[in-house]
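Letter by letter, the chains look like this.
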Amino acid sequence: MDIRVVSHTHWDREWYLTAGRSRQRLVALIDELLDDAESDAAPFLLDGQAVVIEDYLAVRPERRELLARRLRDGWLEAGPWYVLADELIPSGEALVRNLLAGRRALTDLGATAPPVLYCPDSFGHPAALPALAHGFGCSVIILWRGLGGEGWPTGDTFRWHAPDGSSALVFHLPRDGYEYGSNLPADETALRARWDAIGPELVRRSRLGLLLLLNGADHHARQLALTVALATLRRVVAPARLTGSSLRDFAAELAERARGAELPMLEGELRRSYGYTWTLQGTFATRAHLKRRNASVERLLVRDTEPWAALATWNGAAARAPLIRAAWRTLLLSHPHDTLCGCAIDPVAHAMTARLDDAESQARGLRRDALEDIVGYSAVVARVQPAKWRSIVVVRNATARPRSGVAVLDVALTGEHVPVGPGSGNRPVSAVPGVTFALSDGGVQYQILDTYVRHDRVESPRHYPSDAIVHVTRVAVWIDDAAGYGTRCLSIDHEATRGPAAIAHPVSGGERSLSNGVLDVEVTIAGEVRLQSGDGGANCRTQIRLEDVGDAGDLYTHSPVDPVVASRCVDAIVTRAGPVRGEIEMRLRIDIPTRSARAGRSAELVATDVTITLTLDAGAPFLRVAARGENHARDHRLRIVFDTSIPGGAVHADATFAVVRREPIVASPEAASVEWPPPTAPLARYVTVADGARGVTIYADGLAEYEASASGAVAVTLVRAVGELSRNDLPERPGHAGWPAPTSDAQCLGPFDAGFAIYPHGARDDREIARIEQIADDVLLPLSGFTIRSALALPAPTAGMALEGDGLAFLACKESEDGGWLVVRCVNLTDRVIAGRWRFGRSVSEAHGARLDESLVAPLPVRGGTIEFDAPPRGIVTIIFR
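Quick summary incoming for the structure in this document. (Residues numbered from 1 in each chain as written. Predicted model: local features only at pLDDT ≥ 70, side-chain atom pairs only at ≥ 80, totals over all residues. Heavy atoms only, no water.)

### Here's the deal with the sheet that holds strand β10 (residues 265-267)
The strand order across the open sheet built from five strands is β4-β5-β7-β6-β10, with neighbouring strands paired in mixed fashion. Lying at the two open borders of the sheet, with one neighbouring strand each, are β4 (116-119) and β10. For this sheet, the mean angle separating the axes of adjacent strands, direction not counted, is 30°. Sheet analysis places strand β6 (residues 157-161) next to β10, joined by three bridges and oriented parallel. Pairing of R159 across the sheet is with M265, part of β10. Across the sheet, helix α8 (residues 247-258) lies against β4, β5 (140-143), β6 and β7 (167-172), angled at about 115° from β7, the strand it touches most. (Pairing = 2+ DSSP bridges. Helix = DSSP H or I, 4+ residues; strand = E, 2+ residues; numbered from the N terminus. Axes fitted to C-alpha atoms, helices over the stretch in contact; angles between N-to-C directions. Contact = heavy atoms within 4.5 Å.)

### Details of the pattern of salt bridges
Counted according to the given criterion, the structure contains 67 salt bridges. As a salt-bridge pair, D304 and R396 come within 3.1 Å of each other at their nearest N and O atoms. One end of the pair, D304, is in helix α9 (residues 288-304); the other, R396, is in strand β11 (residues 390-396), and 92 residues separate them in sequence. Residue class for D304 comes out buried when judged on its relative accessible area of 7%. By relative accessible area, which is 6% here, R396 ends up buried. Residue E773 pairs with R685 through a salt bridge whose shortest N-O separation is 2.9 Å. Here the residue E773 occupies a position in helix α17 (residues 766-780), and R685 occupies one in the loop between β30 (681-682) and β31 (686-690), the gap between them amounting to 88 residues. Salt bridges linked by common partners bring D2, R4, R241, E253 and R257 together as one network. (Salt bridge = Lys/Arg side-chain N within 4 Å of Asp/Glu carboxyl O. Buried < 20%, exposed > 50% of the residue type's maximum accessible area, 1.4 Å probe, protein only.)

### Structural notes on the side chain of S206
By secondary structure assignment, the location of S206 is in the loop between α6 (188-205) and β8 (210-215). For S206, the contacting residues outside a window of four places in its chain are M1, D156 and L211.

### Comments concerning empty space enclosed by the protein
Within the structure shown, the criterion is met by seven cavities of 30 Å³ or more. Approximately 680 Å³ is the volume attributed to the largest cavity. Every residue lining the largest cavity is counted, 41 residues in all, and those nearest its centre are S91, G92, D654, A684 and R685. Residue classes in the lining of the largest cavity are distributed as 24 nonpolar, five polar and twelve charged. R97, L100, R104, E306, A321, I324, R325, W328, K814, E815 and E817 are the residues that line the second largest cavity. Those elements that provide at least two residues to the lining of the second largest cavity are α4 (92-107), α11 (321-332) and β38 (808-815). A per-element tally of the lining of the second largest cavity places α11 first, with four residues. (1 Å grid on protein atoms, 1.4 Å probe; cavity = no way out; pocket = protein on both sides within 12 Å on 5 of 7 lines; lining within 4 Å. Points joined across faces, edges and corners; volume = space filled by probe spheres on them. Nonpolar A, V, L, I, M, F, W, Y, C, P; charged D, E, K, R; others polar.)

Structure, rendered in structure tokens:
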């Protein structure tokens, strides 16, 4: 046996301590490392993440060169991750940005990360993780939770194949995870006893004769007298060879030994290690509102900021890549598993809220600046010509395909100027009268949804802002033929100059029904929602209801407490009858027992009303569902349930760079006595229930937990209210998963809201797979826009890019990391090769296939503004071009 000792710390940046307090301990830890008299004992691993380097240098900038030298010579190791993120909640593109940020942080110091995707404590792993490893040149993945126990082959080394066919070597940590080699005794007798406790398991599991002894634990500095302990351990394990090692050297030796070796094969997600170690799959609904915000900001950055910034750069605008990276860094700081999973103290959640606010503000500002560049608006030029100002609305299509549809726009018309500064006090401000208007551009069909008054500023980098009271009319507008990642600008006139254009499939309403010719919706007084496609080809009877159960668990694990209670429908009325948008408002009431009532001490109930708004837009084959209410109860879980009426259907869920088939996870009584597998699963954008004839897809806008039952019902968690970080008395998981602390804010008292959509369709074939993905964009990235009150002209339409190939799904468009190139990425959702094309609004001179890390692979044919490529089955295709 060849035993490699890797000395390390597992650094949870924030958890039961805030990031600021943790940093104080981190600085002391790294100071001690850099000043260590035993610096030659063994290299030290900074937990596979680079953010610790930035945190340290923020306090110790004078030690930058020494730290950089230690990283370059391999005595210190960090990366490839920027932060050790949860891997099942963030999108695949967020994981890519995480690895790109980690590489940048090390490159800035002249260093590189070990070629190891180090994932020592993630709460499960996506099926596409080997593709991520392959895309960043990591031949080895080291992980722990989610693999091991019943249903898995035994041993410590495997080959794991991603859906796209790429593979990686997996080294699986033992039952005690990353801390089994911590605090090795220097006394030989004590060390022999310690080795007798851990050595047999390592030897028994070894497939290649190479053992990894991780010497460290949570927030642990390097062990004192490590040189003495290693010398003693060499005598204990003789004649086996034992050396202090870097992670890089261990991975190289593992890869060399694995060449030609027959190793067990892994496929799919790694989300079950029952009977081996805790999997901790109960965090997907913890602090659900923050997960929803995170998903929204991710989507804003990936789909509605980066592409516009890239296209603006292509049109000659200044590069915004450094600013976009800054926004990503702000968001990524909320992705460590303790933070994003919600299993941390309340101040950590407060910090996450502030980061999400900041990242969203940065992304929105960058999007606005890029779109103004694309349509040719100059704030500086406009600011000095107020007499020529005219209001226009810039409508954008944040998808890589042309489409028509409904855009909800806030149309702002200028009222009274508002002075600021000396002399502006006590000046009466008159109310803005109501204004009727028409949108011109060949005429458009619109429907007024709401009106309100607010302040609005026209800003310029060379002038003070010009503030005004504006009258805002929220309208639903039918937009025809918006180009992929293109814009259309609408002029706002006080009087209509031409008649409205025709609208495709307008909405009409009945007593409790809506129809647009594509989809018919009817709601019964009992709350059943009947959906029927206009051609009769797809239908479902969906009982939308609420379901609540007591929760005696903690932030890691749901622990249900009977009784389960259900809602009743109080009312259902049509509130908008078209022609652009129709709505039915349902009011559901649910009586939630209090904690004392569930304990049998009283019959007190908390009556909770939740408003469910069903929205049907012109031409849409899907029904939007919005839920809005207020949580007044503690220690419970509230879910919205969609009964698809497809019992026994197969369940497919959107996931990282792939759609995965999911079946319930079961465990034997013996394994479940250590941790019970919950029936819930991570929810990305959608989950489909389908049989051989029909299917229903439920979309969600960021809530991260669902359960699909055998009856065909899909339940999505709206609120999970608990007040303890960790408990040790749960039947589902006896023992503390973290340090106990009260978390009163995790009771999530107060308002909540969430958005969904229901799409009834036919059998889940290749055509329908592509359609489901397209509708995900229509649901989550509808046509939208903003008003420019100080425009000097009406800009012409623009066209950015289009992705062609049925079954190909757009993933990203961004500026390259090294500048001078653009990057586009898509994924093939089918099991067949697809001939794809990218079409752009201007000529391309050079294009290459590339890895996820943007390393060039092979040139691609270019014809004018078109790049052609073949997408392998389930393949992720990255192209870099200029």
